[in-house]
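Letter by letter, the chains look like this.
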Amino acid sequence: MNYETLRVDIDNRIATITLNRPNKRNCMSPQLHREMTDLLEKLRYDDNVSVLVFTGAGEAFCAGMDLKEFFFETKDSPARFDEIFRTACEWRGRTLRYYPKTTIAMINGFCFGGAFSIVEGCDLAVAANNATFGLSEVNFKLFPGGTVSKSLANLLRPREALFYALTGRPFDGTEAARIGLINYAVPASELRTFTMDIAQEIAQKDLTALRATKDGYRYALEMSWDASINYTLAKQVELKSLQASMESGDWVEAGINDFLKGEYKPGLETHGQSAQRRS
Ligand code: COA
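**Concerning a nonpolar patch on the surface**
Here's step 1: Nonpolar side chains collect at one region of the surface, where L67, F140, L142 and F143 lie side by side and expose about 370 Å² of accessible area between them.
Here's step 2: Among the residues examined, F140 registers a relative accessible area of 38% and is labelled partly exposed.

So this is what it looks like as structure tokens:
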């Protein structure tokens, strides 16, 4: 996988995707959007990958959209703007949100504007407590456009969303955790280990169960009560059939059986790992 704007490292079922334009603070150029689209398509079908971790090279996570290549150079070319806009919205707003694998944003530094939609599109997010976040658009007479307004509405309470969008004031990782934009803020020196521990914990679980967990949550958000119950019921049948067709034949029943035999406690550990430890 050779990309100019991205680096990909796969280890222990975890793909770490590094936005790799450090000299431009990893802002998202049209090329980055195209390469990310291609990469996410490839990783979707890579059986060696269960979890994706997004981070940035150098001192930034992502400085938002590339103001030069996205806004400035397209100002006389509405069709070109539209093409980039659609690609940019699609991978952050839809592909990430419904991605069949778990996604984690590991925010190591500057995180501005359009980068909020990467953070929100990911299932989980951890930042260095000295990372700098900001909805800077209003500072240059713009507003959080594209996917960003919806990302704010999805994740933040109205007071904080509007406060930071209207003032454009920067804030740190600790504040990002307080307002619920991320799960945890940790010292920069511990960011990678802390995030990778979470990724590793999730990567050891059953991929089909993880996907059902995420689908059940994501789609329920947009459904009525009755429809979501009906959906998860159908999902349960799908999960059983998917797991039964797997080579290991190890579906949910194995875990319940071991619990009933008194050999395993689902509340305390992942099924399969305890069995391995015992043998
Ligand atoms: N779009 C285009 N280029 C960007 C960029 C962006 N969003 N963010 C940073 N860059 C470029 C700078 O133009 C500069 O390029 P150059 O070296 O060719 O001149 C390079 O990245 C380094 O930026 P610089 O401002 O010198 O770094 P810094 O560490 O002092 O400041 C930021 C970093 C992120 C605070 C600052 O670059 C910034 O405010 N960027 C814009 C962030 C923003 O508002 N994003 C929202 C976009 S929707």
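**Description of the packing of helix α9 (residues 207-220) against helix α10 (residues 225-244)**
Here's step 1: Where α9 meets α10, the axes come as close as 10 Å, and the angle between the chain directions of the two elements is 165°. When the interaxial angle is binned, α9 and α10 end up roughly antiparallel. Here α9 and α10 pass one another in a crossing that is right-handed. Contact with α9, carried on its side by T208, A209, A212, D215, G216, Y219 and A220, involves S228, Y231, T232, K235, L239, L242 and Q243 of α10 and no other residues of that element.
Here's step 2: Of the residues belonging to the contact of α9 with α10, the class tally is seven nonpolar, five polar and two charged.

**Looking at the domain arrangement of the protein**
By a frequent convention, interface size equals the accessible area lost on bringing the separate parts together.
Here's step 1: According to the domain assignment, the protein consists of domain 1 (6-203) and domain 2 (207-278).
Here's step 2: Each of domain 1 and domain 2 has a C-alpha centre, and these two points are 29 Å apart.
Here's step 3: On the domain 2 side, the residues contacting the 16 residues of domain 1 number seven residues.
Here's step 4: Of the roughly 910 Å² buried at the junction of domain 1 and domain 2 (both faces included), carbon and sulfur atoms supply 49%.
Here's step 5: For the domain 1 face of the interface with domain 2, the top three residues by lost area are R97, Y98 and P100, together amounting to 54%.
Here's step 6: Counting across the interface, domain 1 meets domain 2 through two salt bridges.
Here's step 7: Measuring nitrogen to oxygen at the nearest pair gives 2.9 Å for the salt bridge that ties K214 to D123.
Here's step 8: Seen at the junction of domain 1 and domain 2, the total is seven residue pairs in polar contact (both at pLDDT 80 or more).
Here's step 9: Within the residue set of the side of domain 1 that touches domain 2, elements represented by two or more residues are β5 (102-107) and α4 (115-121).

Criteria and cut-off values
Residues numbered from 1 in each chain as written. Predicted model: local features only at pLDDT ≥ 70, side-chain atom pairs only at ≥ 80, totals over all residues. Heavy atoms only, no water. Patch = residues over 30% accessible without salt bridge, like charges linked within 9 Å, V, L, I, M, F, W, Y side chains within 5 Å. Areas by Shrake-Rupley, 256 points an atom, 1.4 Å probe, with all protein chains shown as cover. Salt bridge = Lys/Arg side-chain N within 4 Å of Asp/Glu carboxyl O. Buried < 20%, exposed > 50% of the residue type's maximum accessible area, 1.4 Å probe, protein only. Axes fitted to C-alpha atoms, helices over the stretch in contact; angles between N-to-C directions. Helix = DSSP H or I, 4+ residues; strand = E, 2+ residues; numbered from the N terminus. Parallel < 35°, antiparallel > 145°, perpendicular 65-115°, else oblique. Left-handed = near helix turned anticlockwise from the far one by under 90°. Contact = heavy atoms within 4.5 Å. Nonpolar A, V, L, I, M, F, W, Y, C, P; charged D, E, K, R; others polar. Domains from an automatic or database assignment. Buried area = accessible area lost by both parts, 1.4 Å probe. Polar contact = N/O pair within 3.5 Å; in protein donor to acceptor, adjacent residues only side chain to side chain.

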